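# Remarks on the overall topology
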Amino acid sequence: MRLRNIPGSRDVIAESEYVIHDHRAVKGCWENVFGNDKPIRIEIGMGKGRFICELASLHPEINYVGIEKYSSVLLRAIQKQEENQFPNLKFIRMDAEEIAEVFAKDEVDRIYLNFSDPWPKDRHAKRRLPSRQFLSRYDQFLKKDGVIEFKTDNRVLFDYAVEEAKEAGWKIDEITYDLHNDPKMNEGNIMTEYEERFSQMGNPIYKYIISR
Ligand code: SAM
């Protein structure tokens, strides 16, 4: 369930030191944001942030940026980060349609898309985060050897994403139609909030890793 209307969430976000407030101002300047030149990995549509918080905890040698459109969901991620205070984790509240305004060429080495909204109507296809329109945005700032990792329990969205990746000239490096029973791809898997919920219902989880 999405929590879109928590009173005061915008105020908390506006005052949070963990949030990048002027996301256009940091393009090309991420070394200043984190105070180091460690690789940057981003999750787009991170929801309440469990996945990216766990990554930040496990990998202090990597910097992470979580991107989320809705304040009331981002608030949950900020609350987690206030407890943990990982120096390698920042958040941005924004619509990912503007993502190419945030990172310069080669500034990101991995993009995570987890349980992205399916936007089932054809006329909304370009809003899907693994669509060709989004892939061409990611192409502008993902390192040459960078990858996109996408997982979902929605087979229609997954099949669409695979086709879009091929159409846009990306290579499918790895793919599974049952992540939790795929020993190789499931190794080190970090569950997202949605992944836990849907896998408990018995849904298989689909995942690809793509590169150019
Ligand atoms: N990744 C989380 C997980 O797996 O538990 C949340 C999945 S939830 C279905 C999708 C999230 O993506 C929502 O929080 C939604 O607000 C966010 N989202 C969808 N489209 C977005 C966009 N264009 N820009 C930023 N966030 C977006």
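Parameters and conventions
Residues numbered from 1 in each chain as written. Predicted model: local features only at pLDDT ≥ 70, side-chain atom pairs only at ≥ 80, totals over all residues. Heavy atoms only, no water. Axes fitted to C-alpha atoms, helices over the stretch in contact; angles between N-to-C directions. Helix = DSSP H or I, 4+ residues; strand = E, 2+ residues; numbered from the N terminus. Parallel < 35°, antiparallel > 145°, perpendicular 65-115°, else oblique. Left-handed = near helix turned anticlockwise from the far one by under 90°. Contact = heavy atoms within 4.5 Å. Nonpolar A, V, L, I, M, F, W, Y, C, P; charged D, E, K, R; others polar. Near = heavy atom within 4 Å. Polar contact = N/O pair within 3.5 Å; in protein donor to acceptor, adjacent residues only side chain to side chain. Areas by Shrake-Rupley, 256 points an atom, 1.4 Å probe, with all protein chains shown as cover. Buried < 20%, exposed > 50% of the residue type's maximum accessible area, 1.4 Å probe, protein only. Pairing = 2+ DSSP bridges.

## A word on the packing of helix α5 (residues 132-139) against helix α6 (residues 155-167)
Between α5 and α6, whose axes approach to 9 Å, the crossing angle comes to 55°. As summarised for this structure, α5 and α6 are arranged oblique, according to the angle between their axes. Note on packing geometry: the crossing formed by α5 with α6 is right-handed. Together, Arg132, Gln133 and Leu135 of α5 and Glu164, Ala165 and Glu167 of α6 make up the contact between the two elements. Of the residues belonging to the contact of α5 with α6, the class tally is two nonpolar, one polar and three charged.

## Observations concerning the site of the ligand
Around the ligand there are 17 residues in total, and Gly45, Glu68, Ala96, Thr192 and Tyr194 lie nearest to it. The backbone of Glu193 places a nitrogen or oxygen atom 3.4 Å from an oxygen atom of the ligand. When isolated, the ligand has an accessible area of 600 Å², and the protein chains bury 96% of it. The residue makeup of the shell around the ligand, split by class, is six nonpolar, four polar and seven charged.

## Focus on the pairing of strand β7 (residues 206-211)
With six of its six residues buried, β7 lies for the most part within the structure. Bridging between strand β5 (residues 142-152) and β7 involves five bridges; their strand directions are antiparallel. Along β7, the bridge assignment pairs Phe150 with Tyr208. Bridging between strand β6 (residues 171-176) and β7 involves five bridges; their strand directions are antiparallel. Looking at β7, one finds that Glu174 is bridged to Ile209.

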